[in-house]
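Here is how the chains run, residue by residue.
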Amino acid sequence: MENIILGLLLLKPRSIYQLRKRIEQGLNLMYSCSTGSIQFAIKKLLEQRYIVVESASEQGRATKLYAVTEQGRAHFDSWINSPINCSVKNPELAKVYFMSFAEPCNRASVIQGYIEELENTYNKLDIICREGDDLIRRDKDGELLFFQLQSAKYGRDFVRFNIDWYTKLLKELGNSNE
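In this report, we go over the structure that sits alongside the text. (Residues numbered from 1 in each chain as written. Predicted model: local features only at pLDDT ≥ 70, side-chain atom pairs only at ≥ 80, totals over all residues. Heavy atoms only, no water.)

### Let's talk about the packing of aromatic side chains
The criterion, for reference: When two rings of Phe, Tyr or Trp (its six-membered ring) have centres within 6.5 Å they constitute a pair, described as stacked for plane angles under 30 degrees, edge-to-face for angles over 60, and tilted for the intermediate range. Think of it in three bands: with a 1.4 Å probe and only protein chains considered, a residue is buried below 20% of the maximum accessible area for its type, exposed above 50%, and partly exposed in between. Sitting over a ring, as applied to charges here, requires NZ of Lys or CZ of Arg to be within 6 Å of the ring centre and within 35 degrees of the ring normal.
Using the criterion set out here, one finds 7 aromatic pairs in the structure. For the ring pair tyrosine 97 and phenylalanine 98, a centre distance of 4.9 Å and an interplane angle of 85° mean the geometry is edge-to-face. The exposed category is assigned to tyrosine 97, whose relative accessible area is 67%. Among the aromatic residues, those joined into a ring-pair cluster are Tyr97, Phe98 and Phe101. One residue, arginine 160, lies across the ring of tyrosine 122, its end atom 4.5 Å from the ring centre.

### What to know about the environment of methionine 99
Rule in force here: Numbering of helices and strands runs from the N terminus; a helix is a DSSP stretch of H or I covering at least four residues, while a strand is a stretch of E covering at least two.
Considering the arrangement of structural elements, one finds methionine 99 in the loop between helix 5 (93–97) and helix 6 (104–138). Classification of methionine 99 as buried rests on a relative accessible area of 14%. Placed 11 residues apart in sequence, methionine 99 and valine 110 show a C-alpha to C-alpha distance of 9.5 Å.

This is how it looks when you write it as structure tokens:
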């Protein structure tokens, strides 16, 4: 979470509220966020002197904006230039692993419900990807947008893989019940 916050603050100083909104609008596939988890990460970043807090006024209200220090930039640079760690963990697979404990009459509906959630997520990501592709066509120098869009496309394609995989599982479940 700390590196996500540093990256967002490198784009521009933000309040905790603005950080939470931005994470919800496109980074929630990578990290779930609550105000509490953001506040905890902000506290840690302040203690490490990776960020500073500035007082500001937003629509007549006093607010705190956080910005990255040189030390924070160096830490972020070290992180972003390190190798990407491979992780294939998917906590939802635990339900599949233990599905034999579910009532046989509930198994298909549990899987179908998850497929429907995945399809809703896919549709949202697909809209983001199509809009992003359109923006990139208009801004050929949009390196930042290009890489942000790639993470959205990864999320969309990952969700599509899950939809297809769970749909296949549902069909196999139906075939085994015949």
